[in-house]
Number of protein chains: 2
Amino acid sequence: MEFSQMAPQELQALYEVLTKKYQQFKAQGLRLNMSRGKPSGEQLDLCRCVNQTLTDFICENGEDVRNYSSLAGIPEARRLFSEIFGVAETQVLAAGSSSLNLMYDTVCRAFVHGVLPGSGPWHQQGKIKFLCPVPGYDRHFAITESFGIEMITVPMLDDGPDMERVEELAAKDDLIKGIWCVPIYSNPDGITYSDQVVRRIAAMPAAAQDFRVFWDMAYCVHHLDRHDRDYLLNIYDECVKCGHQDRPYLFASTSKVTMAGSGISAMAMSPANFAWTLEQLSVQTICHDNVNQLRHLRLLPNLAAVEDIMDKHAVLLRPKFQVVLDALENEISPYGIGHWHKPKGGYFISVFTENGCAKRVVSLCHEAGVELTPAGATYPYGNDPADSNIRLAPTYASLADLAAAMELFCLAIKLAAIEKILGLETSPDVL
Amino acid sequence: MEFSQMAPQELQALYEVLTKKYQQFKAQGLRLNMSRGKPSGEQLDLCRCVNQTLTDFICENGEDVRNYSSLAGIPEARRLFSEIFGVAETQVLAAGSSSLNLMYDTVCRAFVHGVLPGSGPWHQQGKIKFLCPVPGYDRHFAITESFGIEMITVPMLDDGPDMERVEELAAKDDLIKGIWCVPIYSNPDGITYSDQVVRRIAAMPAAAQDFRVFWDMAYCVHHLDRHDRDYLLNIYDECVKCGHQDRPYLFASTSKVTMAGSGISAMAMSPANFAWTLEQLSVQTICHDNVNQLRHLRLLPNLAAVEDIMDKHAVLLRPKFQVVLDALENEISPYGIGHWHKPKGGYFISVFTENGCAKRVVSLCHEAGVELTPAGATYPYGNDPADSNIRLAPTYASLADLAAAMELFCLAIKLAAIEKILGLETSPDVL
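Note that this is a predicted model, so its numbers are computed, not measured.

What counts, and at which threshold
Residues numbered from 1 in each chain as written. Chains lettered and ligands numbered in written order. Predicted model: local features only at pLDDT ≥ 70, side-chain atom pairs only at ≥ 80, totals over all residues. Helix = DSSP H or I, 4+ residues; strand = E, 2+ residues; numbered from the N terminus. Domains from an automatic or database assignment. Contact = placed C-beta atoms within 7 Å. Nonpolar A, V, L, I, M, F, W, Y, C, P; charged D, E, K, R; others polar. Buried ≥ 20, exposed ≤ 12 C-beta atoms within 10 Å, placed from the backbone. Pairing = 2+ DSSP bridges. Axes fitted to C-alpha atoms, helices over the stretch in contact; angles between N-to-C directions.

1. Considering unusual backbone geometry
Here's step 1: In this model, Val134(B) is joined to Pro135(B) through a cis peptide bond whose omega is 0°.
Here's step 2: Along the chain, the position of Pro135(B) falls in the loop between β3 (129–134) and α5 (138–146).
Here's step 3: Put simply, Asn187(B) and Pro188(B) share a cis peptide bond, and its omega is 10°.
Here's step 4: Structurally, Pro188(B) can be placed in the loop between β6 (176–181) and α7 (195–203).
Here's step 5: The phi dihedral of Tyr381(A) is positive, around 60°, even though this residue is not glycine.
Here's step 6: Looking at the secondary structure, you find Tyr381(A) in the loop between β12 (370–372) and β13 (389–392).
Here's step 7: Positive phi values are uncommon outside glycine, yet Tyr185(B) reaches one of about 50°.
Here's step 8: Mapped onto the secondary structure, Tyr185(B) falls in the loop between β6 and α7.

This is the structure we're talking about:
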């Protein structure tokens, strides 16, 4: 029976039972962390051989990658990411170990120098703004916040951001310079943008001539089952069709393919964006770590090789996602106190509790030894106005730990929901 | 006999002989490049084993470096650079493959956010300026130029920058925010700052509260002979003594120890600078490539191990420097048409031709197939007012190629000097 249909006495009785259970949990002294999207040790071991002895250091263009070599990356790496992005090799920059760093630097270049020659640095254009579909990725929001860029939230719907709202805002305000997108298996909901949404993002008029779409394809090959996967339309092709080829910056990396902190990253963009980016990059560094690119390309010469590795990741990740979804389905669904999207890939499951309950749930879990992503982290400035969204990161923990953590998590959602319905005091002292 | 003491007829006769020699050189169709400070293939092979199979990925603090791990770098890398810098491990950031990138990002952070909380972003402080000892490193100048920072040149003397001038400028102008320094085996002269100069840089009053010394220790372990080497005073210690502990940023890397494009880099700074840098860095990336740090540290666990490798580099580099110096000594000294410093380490020899001759020399060499660093590159905005300085990079070429290139180079200096003395037309058609 849904909590909303239960009598107060019933709820009160249930609360007392659940409180006892919670106290038993606390007594166990759990120490689990589900706060970040980290691969597990078993996942990292899938690509151990990327670190095998490298003896031949000459890449396809004849350069010894140990020496200063191509700023745009080695040809084989650019080709691999060209396949992943669906954008010509000549428009692909293969870079260092962090796509987040590429995104930060791209915002930074626009802030300091402007997006293209003559477009004007963002820092000289007043209080600029970004559109932020929410819930979203806290590290994206941290970047824009650090540059003093105002963040305007836009709700995520089942097929991507609310495009009515995006179009309305972008069309009227030339201080809106960009939008953060994780278009496939979004962080945290695991939603993939529909073809219609992608086309609208590509086609919409933007008041700012230097409006940019930050298209973070963090999970583009990260299907939980390659036979039952989402597909994402090619944003670059759609933008070209609309005469907006300079609009999108595409980002990806092998962080969740090979090694989280030591993979290779890349970005793709229009020829004009590419030329300008490389010109400025040539001041910032001589080249990226092309040995690490070669190390990766020897193991992963093409998209097919990447997909084979991703199948192995999926074997490890499917049961973890299933444990989380089963717990939610069995322990939360019947009571009508939460909802979530069932993702077909990515790294997260995002749960919406009853309004006003998320902080309480995270706090209850924390006190019993399970760390979750802080409530609010999925919103700009850490502020979820509904205090409802919680991001679960099931990849790092073992299955057993995950099952224990989910039991606690569901218990905490019930406790918080009853407290809200009954108007109970929720100070930690109560428990 | 010095050219200045020769009769015009003698010079004219010599010019005709030298022109014939030059034409013979051109006919050879040389294709050599001495323009950049790149290690040779033999040097890169000295550290082949850094790329041997890595099987144990756990660093000293227990983290699996393949996963997201410490933002400040692995403890063993921070300790190694602590030894190199002479600054406490807790104040060392071990980072990615490029110290140039660290320098760029450090300037960028100051430009966007300011050097410390509350100090004010440089971009909001008007037309800011940097002091640039000249000749200097073109990539340093490119960074400041890209941020629109005005560069004020200061002459390099035999023991470092002209400190009278540095002190005078820094004391009076609060828009002067920094100085670029390559304090040991300077690029391009190979000069090491004297203790006195280091102490004056540390002690001098600066009008700008947020004045910073960019201390690029690119060649700090790069002696041509460890038994006949220069020593550099510890700038950080000196700054602490003067209450200026936030003044210096120290940079170094293994680019010319292990692999030019794929080594590891580091910076050291005061506790306050470190905290602020890490706070902002945490927005830019999750961590650097800590696998590459571990790869390096397994081979180079301490400074003694680095010094052993550097001895092997020295064995390869000494004869190359000797070929250059011998050629200059034999072919230029007797004629009084150039001077240079004899470096005990580093990557360059910097030749001062007669004023007004450097561009001509570089052009003559280029036409005969030898690429030198462009004349002027060692000055901000590519402008050497005396048109005199040429940077020679002897490390990459083979000994035989180097000997040929130096023969041409000395010939070109002579031709240019005679053309200047006799007021000859210097269009390429003449030859």
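2. Some thoughts on the domain arrangement of chain A
Residue and element names in this part refer to chain A.
Here's step 1: Per the domain assignment, the segments making up chain A are domain 1 (3–43 + 307–430) and domain 2 (60–301).
Here's step 2: Measuring from the centre of the C-alpha atoms in domain 1 to the corresponding centre in domain 2 gives 31 Å.
Here's step 3: Listed as interface residues are 26 residues of domain 1 and, on the opposing side, 29 residues of domain 2.
Here's step 4: Secondary-structure elements contributing two or more residues to the side of domain 1 that touches domain 2 are α11 (303–331), β11 (349–353) and β13.
Here's step 5: Sorting elements by how many residues they give to the side of domain 1 that touches domain 2 places α11 first, with eight residues.
Here's step 6: Class assignment for the residues of the side of domain 1 that touches domain 2 results in 14 nonpolar, six polar and six charged.

3. Observations concerning the environment of Lys38(A)
Here's step 1: Here Lys38(A) lies in the loop between β1 (32–34) and α2 (41–45).
Here's step 2: You can call Lys38(A) buried: it has 24 C-beta atoms within 10 Å.
Here's step 3: Along the chain, Lys38(A) and His223(A) lie 185 residues apart, while their C-alpha atoms are 16 Å from each other.
Here's step 4: Once you skip the residues sitting within four places of it in the chain, Lys38(A) turns out to touch Ala260(A), Thr395(A), Tyr396(A), Asn67(B) and Tyr68(B).

4. Thoughts on the interface of chain A and chain B
Here's step 1: Listed per partner, the contact involves 43 residues of chain A and 43 residues of chain B.
Here's step 2: Looking at the side of chain A that touches chain B, the elements with two or more residues in it are α2, α4 (99–113), α5 (138–146), α9 (271–284) and α10 (290–299) of chain A.
Here's step 3: Considering each element in turn, the side of chain A that touches chain B owes the most residues, six residues, to α4(A).
Here's step 4: Across the side of chain A that touches chain B, the residue classes break down as 19 nonpolar, 20 polar and four charged.

5. With respect to α5(A)
Here's step 1: For α5(A), the complete set of buried residues consists of Asp138(A), His140(A), Phe141(A), Ile143(A), Thr144(A) and Ser146(A).
Here's step 2: Next to the buried residues of α5(A) lie α4, β3 (129–134), β4 (150–157) and β6 (176–181) of chain A together with α9 (271–284) of chain B.
Here's step 3: Residue Gly148(A) follows α5(A) closely and has a positive phi angle near 70°.

6. Looking at the sheet that holds strand β5 (residues 160–161) of chain B
Residue and element names in this part refer to chain B.
Here's step 1: In spatial order, the strands read β2-β9-β8-β7-β6-β3-β4-β5; together these eight strands make up an open sheet with mixed pairing. Where the open sheet ends on each side, the last strands, each with one partner, are β2 (92–94) and β5.
Here's step 2: By the bridge criterion, six bridges tie β3 to strand β4 (residues 150–157) in an arrangement that is parallel. Directly across from Cys132, in β4, lies its bridge partner Thr153.
Here's step 3: Sitting on the sheet, helix α3 (residues 75–85) touches β2, β8 (248–253) and β9 (265–268), and the angle it makes with β2 is about 125°.
Here's step 4: The strands touched by α5 are β3, β4 and β6; relative to β4, the strand with the most contacts, the crossing angle is about 155°.

7. Concerning the sheet that holds β3(A)
All names here are of chain A.
Here's step 1: The mixed open sheet is built from eight strands, whose spatial order is β2-β9-β8-β7-β6-β3-β4-β5. What marks the edges here is a single partner per strand, and that holds for β2 (92–94) and β5 (160–161).
Here's step 2: Relative to β5, β4 is paired through two bridges, and the arrangement is antiparallel. By the bridge assignment, Leu157 is partnered in β5 with Gly160.
Here's step 3: Across the sheet, α4 touches β7 (212–216), β8 (248–253) and β9 (265–268), and the angle it forms with β8 is around 155°.
Here's step 4: Against the sheet, α5 contacts β3, β4 and β6, and its axis sits at roughly 155° relative to β4.

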